[in-house]
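Given next are the chains, with one letter for each unit.
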Amino acid sequence: EACNILPAGQWPCGGAEPLCDCSGDHGTSTTTTTMTPTTIAITTTTTTSTTTSTTETTSATMAATTKTTPATTTSISLTTTVSTGSHCSGEPCSDSTLCRSEWGFCGSSGDHCNDKSTWKAAGCSGAPTPVPTPSPVPMPTPVPVPSPKPKPTPVPAGSGIGAWFTQADFNAFFPNINNAACSGANFFTHAALVEATSAFPDFANSGDVAQDKLELAAFLGQTSHETTGGWTTAPGGPQAWGYCFKEEVGCGTGTCTQYCAGGNPCAGQGINCACASGQTYQGRGPMQLSWNYNYGPFSQFIYNDAAELINDPGRVASDPVLAYQAALWFWMTPQSPKPSCHEVMAGNWQPSAADTAAGRMPGFGMTTNIINGGLECNMPTNAKVTDRVEFYKRYAGILNVALDTASLYCDQMQSYR
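Every value quoted in this text rests on a predicted model; they were computed, and no experiment measured them.

Trainee: Which parts of the structure should I look at to understand the nonpolar core?
Mentor: Within soluble globular proteins, side chains that are nonpolar tend to cluster in buried spots. Core analysis: the biggest nonpolar cluster contains 70 residues, and F165, F203, F219, L220 and W331 have the highest contact counts within it. In terms of residue count, helix α6 (residues 320–332) provides more of this core than any other element does, eleven residues in total. If near-sequence neighbours (up to four positions away) are discounted, F219 is found in contact with L193, F203, Y243, M287, A327, L328 and W331. With five residues, the next largest nonpolar core counts A234, A240, W241 and C244 among its residues.

Trainee: I keep staring at the packing of helix α3 (residues 209–227) against helix α9 (residues 364–376) and nothing clicks. Help me out?
Mentor: Between two packed helices, the angle of one axis relative to the other and the distance separating the axes together describe the packing. Closest axis-to-axis distance for the α3/α9 pair is 11 Å, and the angle between their directions is 45°. The angle between α3 and α9 places the two elements in the oblique class. Crossing of α3 against α9: the hand is right-handed. Contacts between α3 and α9 involve A218, Q222 and E226 from the former and F364, T367, T368 and I371 from the latter. For the contact of α3 with α9, a count of residues per class yields three nonpolar, three polar and one charged.

Trainee: Whenever I open this one, helix α10 (residues 383–398) confuses me. Can you help?
Mentor: Structurally, the α-helix is built with 3.6 residues per turn, so residues lying three or four positions apart point the same way. In this model α10 runs 23 Å from its N-terminal to its C-terminal C-alpha over 16 residues, within 8% of the 22 Å that 1.5 Å per residue would give. Along α10, the residues that are buried comprise V385, D387, R388, V389, F391, Y392, Y395 and A396. Of the surrounding secondary structure, the elements contacted by the buried residues of α10 are α1 (167–173), α3, α7 (341–345) and α9. With a side-chain oxygen lying 3.1 Å from the backbone nitrogen of K384, the N-terminal cap of α10 falls on N382. In the stretch just after α10, N400 is the one whose phi turns positive, near 60°.

Trainee: Quick question: what am I supposed to make of the packing of aromatic side chains here?
Mentor: Each aromatic ring pair is described using two quantities: the centre-to-centre distance and the angle formed by the ring planes. Applying the stated criterion across every chain yields a total of 20 aromatic pairs. Relative to Y243, the ring of F188 lies with its centre 4.9 Å away and its plane at 85°, an arrangement referred to as edge-to-face. With F188 in the loop between α1 and α2 (190–197) and Y243 in the loop between α3 and α4 (292–303), this residue pair connects regions lying 55 residues apart in the sequence. Comparing F188 with Y243 shows no difference in burial state: the two are buried.

Trainee: Would you take a moment to explain the environment of A276 for this structure?
Mentor: Relative to the helices and strands, A276 is located in the loop between α3 and α4. Separated by 34 residues in the primary sequence, A276 and I310 have C-alpha atoms spaced 6.2 Å apart. The contacts of A276, once residues within four sequence positions are left out, are Y281, I310 and N311.

Trainee: Whenever I open this one, the state of the cysteines confuses me. Can you help?
Mentor: Each disulfide consists of one covalent bond between the sulfur atoms belonging to two cysteines. Applying the stated rule across the entire model yields seven disulfides. The side chain of C182 participates in a disulfide bridge whose partner is C244; the two sulfur atoms lie 2.0 Å from each other. When the S-S torsion is -95°, as for the bridge of C182 with C244, the disulfide is left-handed. Placement of the pair is C182 in the loop between α1 and α2 and C244 in the loop between α3 and α4, with a sequence separation of 62 residues.

Trainee: Would you mind showing me how to read the pattern of salt bridges here?
Mentor: Side chains that carry opposite charge are capable of pairing whenever their charged atoms lie near each other. According to the stated counting rule, one finds seven salt bridges in the structure shown. Where salt bridges share partners, they join E226, E376 and R388 into one cluster.

Trainee: It is not clear to me how the environment of L408 should be interpreted in this structure. Could you clarify?
Mentor: Position of L408 among the secondary structure elements: in the segment after α10. Taking C-alpha positions, L408 is 9.6 Å from E390, a pair spaced 18 residues apart along the chain.

Trainee: How should I be thinking about unusual backbone geometry in this particular structure?
Mentor: Glycine aside, residues mostly have negative phi angles, and peptide bonds mostly take the trans form. Cis geometry marks the peptide bond from S336 to P337, where omega comes out at 10°. One can find P337 in the loop between α6 and α7. Within the chain, Q288 stands out as a residue other than glycine whose phi angle is a positive 55°. The class of Q288 is buried, set by a relative accessible area of 13%. At N400, a residue that is not glycine, the phi angle is positive and equals roughly 60°. Classification of N400 as exposed rests on a relative accessible area of 70%.

Parameters and conventions
- Residues numbered from 1 in each chain as written.
- Predicted model: local features only at pLDDT ≥ 70, side-chain atom pairs only at ≥ 80, totals over all residues.
- Heavy atoms only, no water.
- Core = buried A, V, L, I, M, F, W, Y, C linked by side-chain atoms within 4.5 Å.
- Buried < 20%, exposed > 50% of the residue type's maximum accessible area, 1.4 Å probe, protein only.
- Helix = DSSP H or I, 4+ residues; strand = E, 2+ residues; numbered from the N terminus.
- Contact = heavy atoms within 4.5 Å.
- Axes fitted to C-alpha atoms, helices over the stretch in contact; angles between N-to-C directions.
- Parallel < 35°, antiparallel > 145°, perpendicular 65-115°, else oblique.
- Left-handed = near helix turned anticlockwise from the far one by under 90°.
- Nonpolar A, V, L, I, M, F, W, Y, C, P; charged D, E, K, R; others polar.
- Expected span 1.5 Å × (residues − 1).
- Polar contact = N/O pair within 3.5 Å; in protein donor to acceptor, adjacent residues only side chain to side chain.
- Phe/Tyr/Trp six-rings, centres within 6.5 Å; stacked < 30°, edge-to-face > 60°.
- Disulfide = S-S within 2.5 Å.
- Salt bridge = Lys/Arg side-chain N within 4 Å of Asp/Glu carboxyl O.

Structure below.
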């Protein structure tokens, strides 16, 4: 019979029954089968024709004799794509007891259920394995990255110590500054200090607040030693009595005439700082500015006229802003071959080979060497040096900044004398 040319597993009806009726001779039908290496397309047409035909396909030759079915036209097209693999690749049959043959049709015969089946309820062994459709890969949930902790905003250069050195800090530094026993009572003030620094915009004003605090602590530590009213058993300790005296003790009556260098010691600077008649140049202000060769250059800096303070040096002890400015001028001004105290504490000075050989190194001890190294350095540490260091340590502690303990002293440093 013509219907038996295709094995049962190749029937395109989706079941075990053949496409055509093989029970009798009803005429002739024409069957066309087209195959490609990956696709099988079967088209069947039944007409009232009584002809018999044989069709040759592109993949194989198949002779098909069909019989006529009167007044009936049927057309079926099926495409099956074959893939490679070793597990079930076909669609399950609607009846789970059936197998899908390698040609894509369901049934229960040996042509359907064999090692080439593309789907069996019990699983496939040698049939092609479907290429799975990749499941969408979910986008990973973003893990929040903590924002970097912002660095403290530096105080812009030019803001000055008034941006962070408060009246409360000043009071903590100098708890006895207005004691009635002190000549500096109600003279040295926080406001006067802040105002004085405006004439020296680089002072403690790099923008690195920690470093600027260390410079202020060093400046106030050194000047507190110069103006101290403390003693060993003083209330609050010796370092609670800084800025007690505004003028060298015992010189207020004009008897200290020893601070006058003869002639004009400032001639090399192009100014005249020869001592004026009747004037004395003892220590005044926070740094205890002394000698005519210091009063003249400071006056030139502040007033653009050396004669102003040469003729009236006592002004440094009567104007609190000027008093602070005199101390700041000494702190900021290098005196060759010495660097300035500011350069040392701001980290701008690096010792030369000669300095290194002489034991000079950056740090608080170097500022002591600049101020009074001839009497206090390159020798066993004396009480004066210790007092300076203790003031500095106390103030750095109040400002909550760490200091370098290895560079506090100058006993191993040669002075510049």
